[in-house]
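Close look at the chain arrangement
Residues per chain are reported as follows:
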Amino acid sequence: MNALPRGAIVRLDDRSRWLDDSTLVGGAPARLFRFGAGVRELLEGGLEVTDGNRAALAATLVRAGAAHLDLSTVQGIERSEVTVVVPVHGRAAPLTRLLDALPSGCAEVIVVDDASPDPVALHAAIAGREHHRLIRLATNQGPAAARNAGLAQVRTRFVLFVDSDVVVGGAALDHLLRHFADPALAVVAPRVCALPSAPSWLGRYEEEASALDMGTRSAVVQPRTPVGWLPSACWLARVETLGAGFDPQLRVAEDVDLIWRLVAAGGSVRYAAEVPVHHEHRVQWGAWLERRFRYGTGATPLAQRHGATVAPAVLTPWTATLLLAVAAQRRWSLPVAVLACATGAIQLWRRLPEPQPLARARQAGALTARGAATALEQGVSLTVRHAWPVAVLGAALGPRGRRVALAALLADAVLARRRRTTSLDPARHLLARRADDLAYGAGVWWSAWQGRSVRALLPDLVLPTRARAPGGPAARSSLRPEGRAGRRSRPPATGRTPPAPTPG
């Protein structure tokens, strides 16, 4: 029932890595796959679904994020299967721009007026448009409730949620529809890029580092992975998977909440970076900072619903020890850091399925190095974003605290410019990034105060499993992956993409 269609071809994600001819590390969160002889050549050339075994393998790799569906090899879906739902509060001019750009052929466009102060302008925006209708809510209930009101009227298999300040065209919709060749897919979302605006250096920063832009790489969406959520500015969803829809009690982070609930229920969610839509970003400092602060206030409500999933960092005992040793700056820091990494390598060595000890040691060493690098990156992000009030206090108390804060600031600036090219000079890029982090972090602390809970501020300490991953020559199959091993990375900060997943 959930098999990919015959004739479909899947191709390995360019981040998937072969440790040897039978061992693949990839996906999100990172997993280790073991294959029989000849499967590497088959996968590197593109795996075509021709029978049940290949269909099962293809589905496993695609839904794990280790491979992607080649959309040119699957059939599209008619636009008549789609209803468009647009929540709006005021903003008649952007709504008109969106409606003018929407592709023809959709079953219906439902505009939900969330008690706008000037409903007449919204009526004028949709007047005379065929298959368009307006629903008006008596009181302002927020975007989640507005989307749900539109969803309740949908009678097609798919719904396109799109905000009024977004522009989406026919090519983007048609491309997104092809993703639903995977019958397990619940939601797919495009990359949200910037609409051209008046030139300003804040506008240039937003073009390159918007909280709505999930990056240049397509990915499966999972909590605690590089793409851990999707902004609801533009979603295409399978209606039957949505249930009651968004949580109407949430006025912020309602998109994160629904994505995590869909994933927890077994649904597949994808980010299609190859499909751009365009959004009118905020480029005035006051509105921009207020929006960043507001994003941060979603942290505690998410923690109340999803627990440690919202933690700003995810550490194992050895990575936590590594960070503490580095931050302590004592004579014992270096030997303790080395011992922590050695402990992590030994734990991984025991869990990896590779039967040859030396090969297993090489794999464990590579994965430990990756885990240490990601742990340090998490520490940097935690210092400058969620825990910046603590970092400021530490800097005020002594030179060690000042060195930690300065090192984190410099490392974050370097890492940010490595991840994405920027047209801004280093000084203005650094200033905008610090303002971004300060506003978001202040929102997180405010939500913690309002909710009387620090849960959203605390890292999650994950104890390693003692079970060894299954595998070995006796267990090999010609096509199916055997065991999997891996450790989750830090979760998404609502507004910034987390680093790559960390095995170990």
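Cut-off values and rules
Residues numbered from 1 in each chain as written. Predicted model: local features only at pLDDT ≥ 70, side-chain atom pairs only at ≥ 80, totals over all residues. Heavy atoms only, no water. Helix = DSSP H or I, 4+ residues; strand = E, 2+ residues; numbered from the N terminus. Rg over C-alpha atoms; globule rule 2.2 N^0.38 Å. Buried < 20%, exposed > 50% of the residue type's maximum accessible area, 1.4 Å probe, protein only. Contact = heavy atoms within 4.5 Å. Areas by Shrake-Rupley, 256 points an atom, 1.4 Å probe, with all protein chains shown as cover. Core = buried A, V, L, I, M, F, W, Y, C linked by side-chain atoms within 4.5 Å. Phe/Tyr/Trp six-rings, centres within 6.5 Å; stacked < 30°, edge-to-face > 60°. Axes fitted to C-alpha atoms, helices over the stretch in contact; angles between N-to-C directions. Parallel < 35°, antiparallel > 145°, perpendicular 65-115°, else oblique. Nonpolar A, V, L, I, M, F, W, Y, C, P; charged D, E, K, R; others polar. Pairing = 2+ DSSP bridges. Salt bridge = Lys/Arg side-chain N within 4 Å of Asp/Glu carboxyl O. Right-handed = clockwise from strand over helix to strand, strands pointing away. pLDDT = per-residue confidence, 0-100. Arc of directions from axis to C-beta.

A closer look at the overall build of the protein
Within the protein one finds 16 helices and 17 strands. Computed over C-alpha atoms, the radius of gyration of the protein comes to 24 Å, within 12% of the 23 Å expected from 2.2 N^0.38 for 504 residues, which places it in the range of a compact globule. The C-alpha extent of the protein, read off along each of the three principal axes, is 70 × 65 × 40 Å. The buried share of the protein, taken over its 504 residues, is 56%. Relative to all contacts within the protein whose residues are 6 or more apart in sequence, the contacts with residues 24 or more apart total 78%. Total accessible area on the protein is roughly 21,500 Å²; 58% of this is exposed by carbon and sulfur atoms.

Topic: the nonpolar core
By size, the foremost hydrophobic cluster in this structure holds 83 residues, and its most contacted members are Val159, Val187, Leu230, Trp235, Leu236, Leu242 and Ile259. Dropping the residues within four chain positions of it, Val187 is found in contact with Leu230, Trp235, Leu236, Ala237, Leu242, Ile259, Leu262, Ser268, Val269 and Arg270.

A word on the packing of aromatic side chains
Applying the stated rule across the entire model yields 8 aromatic pairs. Summarising the aromatic geometry, the rings of Phe158 and Phe180 are spaced 4.7 Å apart at their centres and angled 55° between planes, so their arrangement reads as tilted. Highlighted residues: Phe158 in strand β10 (residues 158-162) and Phe180 in the loop between α6 (170-178) and β12 (185-194), separated in sequence by 22 residues. Pair check on accessibility: Phe158 and Phe180 agree, each one buried.

Here's the deal with the packing of helix α10 (residues 299-306) against helix α16 (residues 426-451)
Axis separation between α10 and α16 bottoms out at 7 Å; the angle between their running directions is 60°. With respect to α16, the axis of α10 lies oblique. Together, Ala299, Thr300 and Gln304 of α10 and Val444, Ser447, Ala448 and Gly451 of α16 make up the contact between the two elements. Class assignment for the residues of the contact of α10 with α16 results in 3 nonpolar, 4 polar and no charged.

Things to note about the pairing of strand β15 (residues 268-279)
Extensive coverage of β15 is indicated by the burial of 9 of its 12 residues. Alignment of β12 against β15, held across 9 bridges, turns out to be parallel. Directly across from Leu185, in β15, lies its bridge partner Ser268. Pairing of strand β13 (residues 219-220) with β15 involves 2 bridges; the strand directions are antiparallel.

Structural notes on the sheet that holds strand β1 (residues 9-12)
Sheets are built from strands that pair by backbone hydrogen bonding, the pairs being arranged parallel or antiparallel. With antiparallel pairing, 3 strands are arranged side by side in an open sheet as β5-β1-β6. Each end of this open sheet is capped by a strand with a single partner; those strands are β5 (47-48) and β6 (67-69). The pairing of β1 with β5 spans 2 bridges and is antiparallel. Paired with Ile9 across the two strands is Glu48, which belongs to β5.

Things to note about the sheet that holds strand β2 (residues 17-20)
In space, the 3 strands of this open sheet follow the order β2-β3-β4, with antiparallel pairing throughout. The sheet is open, and its two edges are formed by β2 and β4 (31-34), each paired on a single side. For this sheet, the mean angle separating the axes of adjacent strands, direction not counted, is 30°.

So, the environment of Thr316
Residue placement: Thr316 occurs in the loop between β16 (314-315) and α11 (317-328). For the pair Thr316 and Gly46, spaced 270 residues apart in sequence, the C-alpha to C-alpha distance is 36 Å.

Topic: the packing of helix α13 (residues 357-386) against helix α14 (residues 388-397)
It is the contact of α13 with α14, at a shortest axis distance of 5 Å, that shows an interaxial angle of 90°. Viewed along their axes, α13 and α14 adopt a mutual orientation that is roughly perpendicular. Of the residues in α14, those touching α13 at Leu382, Thr383, Val384, Arg385 and His386 are Trp388, Pro389 and Ala391.

Remarks on the pattern of salt bridges
In the structure shown here, the tally under the stated rule is 29 salt bridges. A salt bridge links Asp247 to Arg305, with the shortest nitrogen-to-oxygen separation between them at 2.9 Å. Here Asp247, found in the loop between β14 (234-238) and α8 (254-264), pairs with Arg305, found in helix α10; they are 58 residues apart in sequence, far enough to count as distant. The class of Asp247 is buried, set by a relative accessible area of 17%.

A short note on the pairing of strand β8 (residues 108-113)
Among the 6 residues in β8, 5 count as buried, and that is most of the element. As judged from the 6 bridges shared by strand β7 (residues 82-88) and β8, these two strands associate in the parallel manner. Within β8, the position partnered with Val84 by the bridge is Val109. The β-α-β motif built from β7, the intervening helix α3 (residues 92-101) and the parallel element β8 has right-handed crossover chirality. Sheet analysis places β8 next to strand β9 (residues 132-136), joined by 5 bridges and oriented parallel. Among the inter-strand pairings, Val112 is bridged to a residue of β9, identified as Ile135. Handedness of the crossover joining β8 and β9 through helix α4 (residues 119-126): right-handed.

What about the confidence of the model for the protein?
Averaged over every residue, the pLDDT of the protein is 89; the share at 70 or more is 92%. In this model, residues 466-504 is a region of pLDDT below 50 whose contacts with residues beyond four sequence positions or in other chains number 150 contacts.

Quick look at unusual backbone geometry
In this chain, Ala28 is followed by Pro29 through a cis amide linkage whose omega measures 0°. Examined against the element boundaries, Pro29 turns out to sit in the loop between β3 (23-26) and β4. Phi is positive for Ala253, close to 65°, though the residue is something other than glycine. With relative accessibility at 6%, the residue Ala253 sits in the buried group.

Re α6
Along α6, the residues that are buried comprise Gly170, Ala172, Leu173, Leu176 and Leu177. All buried residues of α6 fall inside an arc of 160° around its axis, so they share one side. Looking at the packing, one finds that the buried side of α6 touches β7, β10, β12, β14 and β15.

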